[in-house]
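# Descriptive analysis of the structure
The lines below spell out each chain.
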Amino acid sequence: MSTSFFPKTVRVAIAVFCAWIVAVAAQNAAPLKLKQTIALPGVEGRIDHFAFDAAGNRLFVCALGNNTVEVVDLRKGERIHSITGLGTPQGIAYLPESNRVFVANDKSGICKIYDGKSFQAVGELDLKDDADNVRYDDATKKIYVGFGSGGIAIVSGQDAKQIGSIKLSAHPEAFELEKNGKRIFVNVPNARNVAVIDQDKGAVTATWKTDLAFGNFPMALDETNHRLFVGCRIPSKLVVLNTDSGTVVTKIGISGDSDEIFYDSKRHRIYAVCGAGKIDVIEQTDPNNYMRSSETETAIGARTGLFVPEIDTLFIAVPHRGSQQAEVRVYEVE
């Protein structure tokens, strides 16, 4: 039924009521169900980013504070190996074609390369300082590594050689590559903006503000609807940007200390993984309207993980704190 003949105040009330119904339905649906818990005995300190091997059904976990990468066999539900001797590993990527694992280390900026079967080191890239987030572009077979006081290294996936770099105004955190375009969107929290890179030009062509929300670390992209989701810590907000114009579409309050955000295109949802001990689920009713529909309790400091849409699974890293031992929690997404 059309509501166009109702007064504006009534139409607004109807819209709010409908949004509330959507939120209640989402909460009742229990979108995240804990399916499995995988212990990481002996792992201490912060845990950073993950990578997934679909064919081998393995998870690679950067145990930053432990100076290791933990290799988890998801079929067995257990850790099967620890890659040791790293220097605060932060970012990681798995290349299925070559069965190689790229691990970016904060200490000395070395990106180490390992054979995915033997876990022996087969090479390294010296990025000098603070190698951080890693992304693999399957279409171009290129690896991108954020590093230092402001750069993204471009690496050939075929021979693992650096073939270029893109300069930024400060250290990059999370970044996203368009699949159907040539842009890279980069969180640059110390510059208080999102940098937009043109890959053909190899340079920043625009910077976007996040409307007085700062500490922009995590990011996710809804390329179909031209929306970029930026997690900010000061204050704790999810900022939605229009990727056609760079303007702020809306802001939604989220839990504190977000370090990972994922977009679920199948269900039109955002999952915000927050170190305050919660996973916030935000429903996308349309490209301009969003509502936080539920919170899943995790543990303090559990702020990183990986959403794998192909298997409808969200992995969360829980660090050792007090009586809580280090583990990976596996959530089935419904």
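Before reading on, note that the structure itself is shown above.
Summary of the structure given here. Every chain is numbered independently, its residues counted from 1 as its sequence is written. At least 70 in pLDDT is required for a residue's local features to be given in this predicted model, at least 80 for side-chain atom pairs to be given and counted, and no such filter applies to totals for whole chains, interfaces and linings, which use all residues. Hydrogens and water are ignored here; the side-chain numbers use all heavy atoms of the structure.

## So, the sheet that holds strand S10 (residues 134-137)
For two strands to be treated as a pair, DSSP must find at least two bridges joining them. Secondary structure counts use DSSP, requiring at least four H or I residues in a row for a helix and at least two E residues in a row for a strand, with both numbered from the N terminus. A sheet is described by the order of its strands in space; here 4 strands give the open sequence S10-S11-S12-S13, paired in antiparallel fashion. In this open sheet, the two edge strands, each paired with only one partner strand, are S10 and strand S13 (162-167). Strand-to-strand twist in this sheet, taken as the mean axis angle between neighbours without regard to direction, amounts to 20 degrees. Alignment of strand S11 (residues 142-147) against strand S12 (residues 151-156), held across 6 bridges, turns out to be antiparallel. Note on S12: the bridge partner recorded for Val145 is Ala153. Lines fitted to the C-alpha atoms define the axes, with helices restricted to the stretch that makes contact. Angles between their N-to-C directions range from 0 to 180 degrees.

## A short note on the nonpolar core
Residues belong to a common nonpolar core when they are buried Ala, Val, Leu, Ile, Met, Phe, Trp, Tyr or Cys residues joined through side-chain atoms within 4.5 Å. Classification of residues uses two cut-offs on accessible area relative to the type maximum, computed with a 1.4 Å probe and protein chains only: under 20% is buried, over 50% is exposed, and between them is partly exposed. Counting residues in each nonpolar core, the largest one holds 32 residues, and the members touching the most others are Leu32, Phe50, Leu59, Tyr271, Leu314, Phe315 and Val328. Of all elements in the fold, only strand S1 (32-39), strand S2 (50-53), strand S3 (58-63), strand S23 (269-274), strand S24 (278-286), strand S26 (304-308), strand S27 (313-318) and strand S28 (327-333) reach the threshold of two or more residues within this core. Ranked by residues supplied to this core, first place goes to S27 with 5 residues. In what follows, residue pairs with any heavy atoms lying within 4.5 Å of each other are defined as contacts. Every residue in contact with Phe50, bar those within four places of it in the chain, is listed here: Leu59, Phe60, Val61, Ile92, Gly305, Leu306, Phe315, Ile316, Ala317 and Val328. Residues Val134, Val145, Val155 and Ala160 belong to the second largest nonpolar core, which totals 16 residues.

## Some words on the packing of aromatic side chains
For Phe, Tyr and Trp, rings pair up if their centres lie within 6.5 Å, where Trp contributes its six-membered ring, and each pair is then called stacked (planes under 30 degrees apart), edge-to-face (over 60) or tilted (otherwise). Under the defined criterion, the tally for this structure stands at 6 aromatic pairs. An aromatic cluster of three or more residues is present, and its members are Phe229, Tyr263 and Tyr290. Only when the NZ atom of a Lys or the CZ atom of an Arg is both within 6 Å of the ring centre and within 35 degrees of the ring normal do we say a charge sits over the ring. Directly above the ring of Phe175 sits Arg135, whose terminal nitrogen or CZ lies 5.1 Å from the centroid. Looking at Arg233, its charged tip hangs above the ring of Phe217, at a distance of 3.9 Å from the centre.

## Let's talk about the pattern of salt bridges
Once the charged atoms of two side chains with opposite charge are near each other, the side chains can pair. Salt bridge, as used here, is a side-chain nitrogen of Lys or Arg placed within 4 Å of a carboxyl oxygen of Asp or Glu. Within this structure, the stated rule accounts for 23 salt bridges. Residue Glu178 is joined to Arg183 by a salt bridge in which the shortest nitrogen-to-oxygen separation is 2.8 Å. For Arg183, a relative accessible area of 24% corresponds to the partly exposed category.

## Thoughts on the pairing of S11
Most of S11 sits inside the fold, with 5 of its 6 residues counted as buried. Two elements, S10 and S11, share 4 bridges in a ladder whose sense is antiparallel. Paired with Val134 across the strands is Val145, a residue of S11. Adjacent in sequence and paired antiparallel, S11 and S12 are bridged by 3 residues, among which Gly148 carries a positive phi angle near 55 degrees.

## Remarks on unusual backbone geometry
Look at the link from Ile234 to Pro235: it is a cis peptide, with omega at -10 degrees. Topologically, Pro235 is positioned in the loop between strand S19 (227-234) and strand S20 (236-242). In this structure, Phe119 takes a positive phi of about 65 degrees despite not being glycine. Along the chain, the position of Phe119 falls in the loop between strand S8 (110-115) and strand S9 (121-126). Notably, Asp312 is not glycine yet its phi reads approximately 50 degrees, a positive angle. Positionally, Asp312 belongs in the loop between S26 and S27.

## Re the environment of Tyr331
Along the chain, Tyr331 turns up in strand S28. The spacing of Tyr331 and Asp312 is 19 residues in sequence and 8.6 Å in space, taken between C-alpha atoms.

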